[in-house]
Amino acid sequence: MLAHKEKQMSFISKKLGQFTYFDLQLDGPNWRGKRVLDFGGNIGNILREQNSTIDHDKYWCIDVSRDAIESGKQAYPDAHWVFYDRYNFVFNPNGREGLKLPGIGQQFDYVLVYSVFTHTSETEMMELITELEKWLAADGVLAFTFIDPHFNPARNDGTIHQGYYDGTCLKQRLERMKDTDPTVDIQALLERARNARWCILVNEDDLYIESEDLKYYDETQKRSFHTFYTADYMKTIFPDAVVLPPQHDAYTPSEESMLQHCCVIRKASGR
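Residues numbered from 1 in each chain as written. Predicted model: local features only at pLDDT ≥ 70, side-chain atom pairs only at ≥ 80, totals over all residues. Heavy atoms only, no water.

(A) Broad picture of the overall build of the protein chain. Helix and strand content of the protein chain: eight helices and 10 strands. In the protein chain, which comprises 271 residues, the share counted as buried stands at 54%. Within the protein chain, contacts between residues at least 6 apart in sequence are counted, and of these 62% link residues at least 24 apart. As displayed, the protein chain offers around 13,000 Å² of accessible surface, 47% of which is attributable to carbon and sulfur atoms. (Helix = DSSP H or I, 4+ residues; strand = E, 2+ residues; numbered from the N terminus. Buried < 20%, exposed > 50% of the residue type's maximum accessible area, 1.4 Å probe, protein only. Contact = heavy atoms within 4.5 Å. Areas by Shrake-Rupley, 256 points an atom, 1.4 Å probe, with all protein chains shown as cover.)

Set out below in structure tokens:
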């Protein structure tokens, strides 16, 4: 079974909106001439948007999907592509647990991390952010996304935004899970998570509240892994960061972008 799984194509994403998302959250910086690391950038979709102004030869992508890295390299040969064979519950279950970041000998003006820490443990997130901060140039910016379980994107400014799902991010995810498993008890799971600062939803309905003590899952059971953090909790674990809500009023993004908060860490000169 493992040999068969290894021959399957690793995860490739066709989703767009990453450049527009970060451009808005960071107040439209001048991307030209800036070194950009797209951590977990898959096939480099951030370059594919028509309005993207990131220089290809100053763009680096690191990802745990070997096929995505190869695909990106073919599409953008002037950019820099690094396969990172680190374990991930869903996207690289045969990778090496705790593998250190590859040495690439660069300092970056921007390190962008879109929808990566929504699929890792808190411990892994903290470890990787600590290391990625070391790769920032003077005045560099690290921006990463997260999803607040109790946030309602349709009512983020106190008004109802028509045409979008009206409910919390966690509820929306659970309802999607119910499509796979009709036995999912959404209300019971929401009640368990009601006061959670953070939680992990594994597969359809294994909900871990502020705990990484996961039960054993064999390869055939690893279907999905979603991590949620409240905005207030993020402010406590990254006190020097600015935590921003989704900017879905400003443009028409992918549905996923409408869920994503942004945590922005700026490196001061001399640090």
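Having put the structure on the table, let's press on.
(B) Structural view of the side chain of T227. Relative to the helices and strands, T227 resides in strand β8 (residues 225-229). With relative accessibility at 1%, the residue T227 sits in the buried group. Reaching out from T227, the side chain makes a polar contact with the backbone oxygen of T120 at a distance of 2.6 Å. When neighbours within four sequence positions are excluded, T227 is seen to be in contact with F117, T118, H119, T120, I147, C199 and I200. (Polar contact = N/O pair within 3.5 Å; in protein donor to acceptor, adjacent residues only side chain to side chain.)

(C) Here's a closer look at the pairing of strand β6 (residues 198-202). The buried count for β6 comes to five of five residues, which makes it a mostly enclosed element. With four bridges connecting them, β6 and strand β7 (residues 206-209) associate as antiparallel partners. Bridge pairing in β7 places V202 opposite D206. The antiparallel hairpin formed by β6 and β7 contains three residues in its connecting segment, where N203 sits at a positive phi of about 55°. (Pairing = 2+ DSSP bridges.)

(D) Layout of helix α2 (residues 18-25). Burial within α2 is extensive, with six of its eight residues counted as buried. As for α2, its buried residues are in contact with α3 (45-48), β4 (108-113), β5 (136-147), β9 (242-244) and β10 (260-266). Directly after α2, the chain includes D27, whose backbone phi takes a positive value near 65°.

(E) Local environment of the nonpolar core. Core analysis: the biggest nonpolar cluster contains 42 residues, and F39, F144 and F238 have the highest contact counts within it. Once residues within four sequence positions are removed from consideration, F238 is found in contact with M125, M126, I129, F144, C263 and I265. Core analysis: the next-biggest nonpolar cluster, separate from the first, contains 22 residues, W31, V36, L47 and I54 among them. (Core = buried A, V, L, I, M, F, W, Y, C linked by side-chain atoms within 4.5 Å.)

(F) Highlighting the pattern of salt bridges. One pass over the full model with this rule turns up 10 salt bridges. Here K73 ties to E70 by a salt bridge, and the two come within 3.5 Å at their closest N and O atoms. One end of the pair, K73, and the other, E70, are both in helix α4 (residues 66-75), three residues apart, so they sit about a helical turn from each other. Overlapping salt bridges, with partners in common, bring together R86, E124 and E127 in one network. (Salt bridge = Lys/Arg side-chain N within 4 Å of Asp/Glu carboxyl O.)

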